[in-house]
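Here's the letter readout for the chains.
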Amino acid sequence: MSSAILEVEDLSKRFGALMASDHVTLDLRPGEIHALIGPNGAGKSTLIKQIVGELHHDAGTIRFNGRRIDDLDAEARAKMGLARTFQVSSLAPEISALHNVLLAVQAVEGSVFRFFKPVIRDKKLVAAAMDNLMRVGLQDRAMVRTADLSHGERRQLEMAIALALKPKVFLLDEPMAGMGPDGSQQLTKFLARLRDEAPILLVEHDMDAVFALADRISVLVYGQIIATGSVDEIRNSKKVRSAYLGEELA
Amino acid sequence: MTRETTVNIALAIALLAVPIGAQFADHPFIITLSTKVAIFAIAGVGLNIALGYGGLISFGHAAFFGLGGYAAGILASQALNYEPLVTWPFEIQGTTQMLIIWPVALCICGAAALVIGAMSLRTGGVYFIMITLAFAQMIYYFAISWPAYGGEDGLSIYVRSKFPGLNTLDPITFFAICFALLIAVLGFSVLLTHSRFGLALSAARQNPQRLTSVGVRPFQVQLTAFVISGMITGLAGALYADLNRFVSPAMFSWHTSGEIMIFVILGGVGRLFGPLAGAALFILLEHLLGGITEFWQFLLGMLLLLIVLFARGGLIGLLAGGRGNV
């Protein structure tokens, strides 16, 4: 277990009477895709928010590279290498796609507190940003205002930003949401290769993608992890079937 | 060249041409009005950095305008009375040199903005507006009740501060100084908005979560912008003190905050030359309509309403159209 990059141990979070996370234990190892599945309202996004530091957990610990990060704020955790994409795209709508990626690149490559040199003339920065746009296939849309991008393109842009952060862990919250079948397939291929760069904690409803990609799957129901295992173990688990997968696989 | 650039250059040339024409036609009053436009525009350029680029609706920029003014006024009045400003732990003399007054005003306003900003930025929305207003009003009442520098009556400065090699009492020379500073702060604004910092500030306005998730604290970015904004507005205050050779607590009042905000909104929020267009329109209305009726502010209010409802880009938006990409 000590080889895990991200370790969540006994994490609990309560909203009034609702246990959003109920003693959740989960880890992410180098080179793997660990999928987190569960019905709506199971607390998947809430768990991601606690890992990135947007929400503070009530009890338990989160370790990153062996170090406790419970008391660090979201910015510090992002700087350490936790990159996250959002369930609903969270971008700066009035600036171009390229500028959205530049924002990430400049934060990684030094300081944002530079007041004179135009960011667009910084060739190294722009080249790095374009590289990442190219990797997600958005290079032709670089100068388009983000608000004018299609839904699928915005999802791609989120991914380009996550790549630009050169993270040690990817936390992807439903990256397939709202994508057509073609888009999902492309993204599945892309993620399959991405795991070699950094391990991925993948929250996803698209079961085809999950079964194709995941090395391990954890199932979250009402804030509790009811099972963790390989794709086959999860498919064949009676407990999981009755709680969640049900007819979908019957 | 974009249409907005053309409009901007035309505005700058107009502001330069009017006082030069007035100089030849011997209308010193028009030169003074033009100087006022340049100074108000500088104050607006300052506010625009917080309000326009940063989305920080400060209703307390009179604090910086007034502090800049009082910095100039107090330094000059001490120098003219041959009394040192501070005698302990070491002696600091007053001065009538603009080149010393400006940096002092900038430092004081920067420090004040750091304190006010650090406290106000813990809130957002309406609370941010109210807290910035409250800070400015606090300083306003302090200025009224502090008798050392004139209290409610204000403080007269008998000479205009000096600039090496220039006769600042000559209206057109003083206008030239203000105009040069306006161009300088506009130039700085251009650099700022296109820089790394400008990108981060813009993201902080549009979506703070975006900034957080790349590892940058929106608070730090916004506070820095607020400090820069306060400093530039403070510089305008120092110039305004020299223009009138008089400072009074009115500079701190919420009317002043509102007026600076009106310059920005009339001209176009977040538009580079918006504050200049707004300040020019404001002064024009004040003197054209003010000559016809003393209720000119009612008409100003109507105009403001129309602009907010139908022309969000303000005067610059009307002349140059919507903002292009990025």
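These figures come from a predicted structure and were not determined experimentally. (Residues numbered from 1 in each chain as written. Chains lettered and ligands numbered in written order. Predicted model: local features only at pLDDT ≥ 70, side-chain atom pairs only at ≥ 80, totals over all residues. Heavy atoms only, no water.)

### Notes on the packing of helix 3 (residues 97-108) of chain A against helix 4 (residues 123-135) of chain A
Residue and element names in this part refer to chain A.
Here's step 1: Where helix 3 contacts helix 4, the axes come no closer than 9 Å and their chain directions differ by 115°. Handedness of the crossing formed by helix 3 with helix 4: right-handed. Contacts between helix 3 and helix 4 involve Leu98, Val101, Leu102, Val105 and Gln106 from the first element and Leu125, Val126, Ala128, Ala129, Met130, Asn132 and Leu133 from the second.
Here's step 2: Split by residue class, the contact of helix 3 with helix 4 holds 10 nonpolar, 2 polar and no charged. (Axes fitted to C-alpha atoms, helices over the stretch in contact; angles between N-to-C directions. Helix = DSSP H or I, 4+ residues; strand = E, 2+ residues; numbered from the N terminus. Left-handed = near helix turned anticlockwise from the far one by under 90°. Contact = heavy atoms within 4.5 Å. Nonpolar A, V, L, I, M, F, W, Y, C, P; charged D, E, K, R; others polar.)

### Topic: unusual backbone geometry
Here's step 1: One non-glycine residue with positive phi stands out, namely Tyr222(A), at about 50°.
Here's step 2: On the secondary structure map, Tyr222(A) appears in the loop between strand 9 (216-221) and strand 10 (224-229).
Here's step 3: Using a relative accessible area of 70% as the deciding quantity, one classes Tyr222(A) as exposed.
Here's step 4: Phi angles above zero are rare outside glycine, and Asp26(B) is one such case at about 60°.
Here's step 5: With respect to the secondary-structure elements, Asp26(B) resides in the loop between helix 1 (3-24) and helix 2 (28-53).
Here's step 6: The class for Asp26(B) is exposed, based on a relative accessible area of 60%. (Buried < 20%, exposed > 50% of the residue type's maximum accessible area, 1.4 Å probe, protein only.)

### Digging into the packing of aromatic side chains
Residues and elements named next belong to chain B.
Here's step 1: Scanning the entire structure with this criterion turns up 17 aromatic pairs over all chains.
Here's step 2: Residues Phe65 and Tyr240 carry aromatic rings whose centres are separated by 5.3 Å and whose planes lie at 40° to one another, so their mutual orientation is tilted. A residue pair is termed long-range when its members are at least 10 positions apart, and Phe65 in helix 3 (residues 62-80) and Tyr240 in helix 9 (residues 218-244) qualify at 175 residues. For the pair Phe65 and Tyr240, one class covers both residues: buried. (Phe/Tyr/Trp six-rings, centres within 6.5 Å; stacked < 30°, edge-to-face > 60°.)

### Observations concerning the interface of chain A and chain B
Here's step 1: In this assembly, 41 residues from chain A lie in contact with 30 residues from chain B.
Here's step 2: Together, the buried faces of chain A and chain B total about 3,100 Å²; carbon and sulfur atoms form 61% of this surface.
Here's step 3: Among the residues chain A hides against chain B, the three largest losses belong to Glu75(A), Leu103(A) and Phe115(A). Together they make up 21% of the total.
Here's step 4: Here chain A is connected to chain B by 3 salt bridges.
Here's step 5: A salt bridge links Asp122(A) to Arg196(B); its shortest N-O distance comes to 3.6 Å.
Here's step 6: Linking chain A with chain B are 16 residue pairs in polar contact (both at pLDDT 80 or more).
Here's step 7: Counting residues per element, the side of chain A that touches chain B draws most heavily on helix 3 of chain A, at 7 residues.
Here's step 8: Counted by class, the side of chain A that touches chain B contains 22 nonpolar, 7 polar and 12 charged residues. (Buried area = accessible area lost by both parts, 1.4 Å probe. Salt bridge = Lys/Arg side-chain N within 4 Å of Asp/Glu carboxyl O. Polar contact = N/O pair within 3.5 Å; in protein donor to acceptor, adjacent residues only side chain to side chain.)

### Quick look at the domain arrangement of chain A
Residues and elements named next belong to chain A.
Here's step 1: According to the domain assignment, chain A consists of domain 1 (1-81 + 169-185 + 195-250) and domain 2 (92-166).
Here's step 2: Placing a centre on the C-alpha atoms of domain 1 and another on those of domain 2 gives a separation of 27 Å.
Here's step 3: Across the contact, 10 residues belong to domain 1 and 8 residues belong to domain 2.
Here's step 4: Counting each side, the surface lost to burial between domain 1 and domain 2 is near 660 Å², with a carbon and sulfur contribution of 57%.
Here's step 5: Contact with domain 2 buries surface across domain 1, with Phe170, Met179 and Glu197 losing the most and accounting together for 48% of the total.
Here's step 6: In this assembly, domain 1 and domain 2 are joined by 1 salt bridge.
Here's step 7: Glu197 serves as the salt-bridge partner of Arg135, at 2.4 Å between the closest nitrogen and oxygen.
Here's step 8: Here domain 1 and domain 2 share 3 residue pairs in polar contact (both at pLDDT 80 or more) between them.
Here's step 9: Considered class by class, the residues forming the side of domain 1 that touches domain 2 number 5 nonpolar, 1 polar and 4 charged. (Domains from an automatic or database assignment.)

### Here's the deal with empty space enclosed by the protein
To find leftover empty space, a probe the size of one water molecule is rolled over the atoms.
Residue and element names in this part refer to chain A.
Here's step 1: If you walk through the whole model with that rule in mind, you get 1 cavity of 30 Å³ or more.
Here's step 2: The computed volume of the largest cavity comes to approximately 40 Å³.
Here's step 3: Lining the largest cavity are Thr85, Arg155, Glu158, Met159, Pro175 and Leu187.
Here's step 4: A class-by-class count of the residues in the lining of the largest cavity yields 3 nonpolar, 1 polar and 2 charged. (1 Å grid on protein atoms, 1.4 Å probe; cavity = no way out; pocket = protein on both sides within 12 Å on 5 of 7 lines; lining within 4 Å. Points joined across faces, edges and corners; volume = space filled by probe spheres on them.)

### Some points on the nonpolar core
Here's step 1: Counting 155 residues, the largest nonpolar core has Val101(A), Leu157(A), Phe170(A), Leu191(A), Trp102(B) and Leu182(B) as the members making the most contacts within it.
Here's step 2: When residues of this core are assigned to their parent elements, the largest contribution, 15 residues, is made by helix 2 of chain B.
Here's step 3: Residues lining this core come from more than one domain, with at least three contributed by each of domain 1 (1-81 + 169-185 + 195-250) and domain 2 (92-166) of chain A.
Here's step 4: Once you skip the residues sitting within four places of it in the chain, Leu191(A) turns out to touch Ile33(A), Met159(A), Leu172(A), Pro175(A), Met176(A), Ile200(A), Leu202(A) and Leu213(A).
Here's step 5: Counting residues in hydrophobic clusters, the runner-up holds 23 residues, among them Ile5(A), Leu6(A), Val8(A) and Leu201(A). (Core = buried A, V, L, I, M, F, W, Y, C linked by side-chain atoms within 4.5 Å.)

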